[in-house]
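So the chains spell out like this:
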Amino acid sequence: MNKENLRLNLETFGVSNKLEELEELQKDTLVTNEKFNLTAIKDEEKFRELMILDSLYPLSLVDFSNKKIIDVGTGAGYPGLPLAICSTGKFTLLDSTKKKVDHINEYVKTKGFLNVSAINARAEEYARIHRESYDIAIARAVASLNVLLELCLPLVKVDGYFIAMKGAKGFEEIEEAKNALKELDSEIVEIMEINLPESGEKRILILIQKKKKTKTRYPREYKDIANKPL
C-alpha cells in the first residue's frame, strides 16, 4: 500500500489529516526494528496495510473519544499508537517485554503525546491491581479468544467493551470461547469481517460487552489460564 492509498483508506475513518503522524510512526518503528526486533513486517508498503491500517478498524466499532483504553500485549505499540493518534482516548499500552515498552515511552515523550503511557507488566498481574479501570480493552493477535477474555475482561468496567482483533480463524475461536463468555459475564454484541484492501487478508473483529463485575478469582495465574482455558 503506497502513501496515497493509505490516505484514501484513512478517509473511511475520517482521519486522513493524521496521515503524516502515522507515517512518522511507521518510519520510527522500522528504523528501530533494525536495532532490535519490534515486528516481522519490514517492508514499508506491507507495513502501511498490515500494521497502520489494520490497527484502525476498531474505530468503526466503538467511539474512543475521551475513553480510557488499554491495549493488552501491545508489542511495538500496535494497535494502540495508531488508535491514540487518531482519537482523543487515553491509552495505556501494556506489554511484558521491557525494551518494547521503553521504546514506546521514548517515542511518546519525543512526540509530546499526552494521551499515551506504556506499562511493562504481565496482563494477569496488572489486571488484579487495576480491576474495572478501563472503558475499553483491546488485543490484537496475542492469544486465543478464551485466554484473552480472562486476561482482558477483569480490566473493563461493567458495560464496557473488549475488542478482540482476530484473523481468519476468529469464528473457530468464538466457538471455543462460549464457556468463557458465560463464566466471565459477557456477550458478543457485534462481529465485523474485513478483507484488507490490497493483501486480501481476512480480519474478524469481535466486540464483547461486559455485563457484570468479574468474579474475584479471575484472572488466574497465566499457567492455569493457558493450560486449562475457561
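## Digging into the packing of helix α1 (residues 3–13) against helix α3 (residues 44–56)
To describe two helices that pack against each other, one gives the angle between their axes and the distance between the axes.
Stage number 1. One way to put it is that α1 packs onto α3 with a least axis distance of 10 Å and a crossing angle of 10°. Viewed along their axes, α1 and α3 adopt a mutual orientation that is roughly parallel. Across from K3, L6, N9, L10 and F13 in α1, the residues of α3 making contact are R48, I52, L53 and L56.
Stage number 2. Of the residues in the contact of α1 with α3, the class split is six nonpolar, one polar and two charged.

## A look at the pairing of strand β4 (residues 134–140)
Stage number 1. Extensive coverage of β4 is indicated by the burial of seven of its seven residues.
Stage number 2. Where strand β1 (residues 68–72) meets β4, three bridges bridge the pair, whose relative direction is parallel. Directly across from I70, in β4, lies its bridge partner A137.
Stage number 3. Here β4 pairs with strand β5 (residues 156–166) via six bridges, running parallel. The residue of β5 that forms the bridge with A137 is F162.
Stage number 4. Taken together, β4, helix α7 (residues 145–152) and β5 form a β-α-β motif whose crossover is right-handed.

## Focus: the pattern of salt bridges
Stage number 1. In this structure the tally under the stated criterion is 23 salt bridges.
Stage number 2. The shortest N-O distance in the salt bridge between K210 and E132 comes to 2.5 Å. Of this pair, K210 sits in strand β7 (residues 202–210) while E132 sits in the loop between α6 (123–129) and β4, placing them 78 residues apart in sequence.
Stage number 3. We note a salt bridge from K178 to E175, for which the minimum N-O separation is 3.2 Å.
Stage number 4. For K178, a relative accessible area of 48% translates into the label partly exposed.
Stage number 5. Salt bridges here are not isolated pairs; linked through shared partners, they connect D54, R140, E201 and R203.

## Re the packing of α1 against helix α2 (residues 19–33)
Stage number 1. Packing of α1 against α2 leaves a shortest axis separation of 10 Å and a crossing angle of 125°. Regarding the angle of α1 to α2, the classification is oblique. Of the two elements, α1 crosses α2, and the hand of that crossing is right-handed. Contacts from K3, L6, R7 and L10 in α1 reach L19, E20, L22 and E23 in α2.
Stage number 2. Residue composition of the contact of α1 with α2, grouped by class: four nonpolar, no polar and four charged.

The rules behind the values
Residues numbered from 1 in each chain as written. Predicted model: local features only at pLDDT ≥ 70, side-chain atom pairs only at ≥ 80, totals over all residues. Heavy atoms only, no water. Axes fitted to C-alpha atoms, helices over the stretch in contact; angles between N-to-C directions. Helix = DSSP H or I, 4+ residues; strand = E, 2+ residues; numbered from the N terminus. Parallel < 35°, antiparallel > 145°, perpendicular 65-115°, else oblique. Contact = heavy atoms within 4.5 Å. Nonpolar A, V, L, I, M, F, W, Y, C, P; charged D, E, K, R; others polar. Buried < 20%, exposed > 50% of the residue type's maximum accessible area, 1.4 Å probe, protein only. Pairing = 2+ DSSP bridges. Right-handed = clockwise from strand over helix to strand, strands pointing away. Salt bridge = Lys/Arg side-chain N within 4 Å of Asp/Glu carboxyl O. Left-handed = near helix turned anticlockwise from the far one by under 90°.

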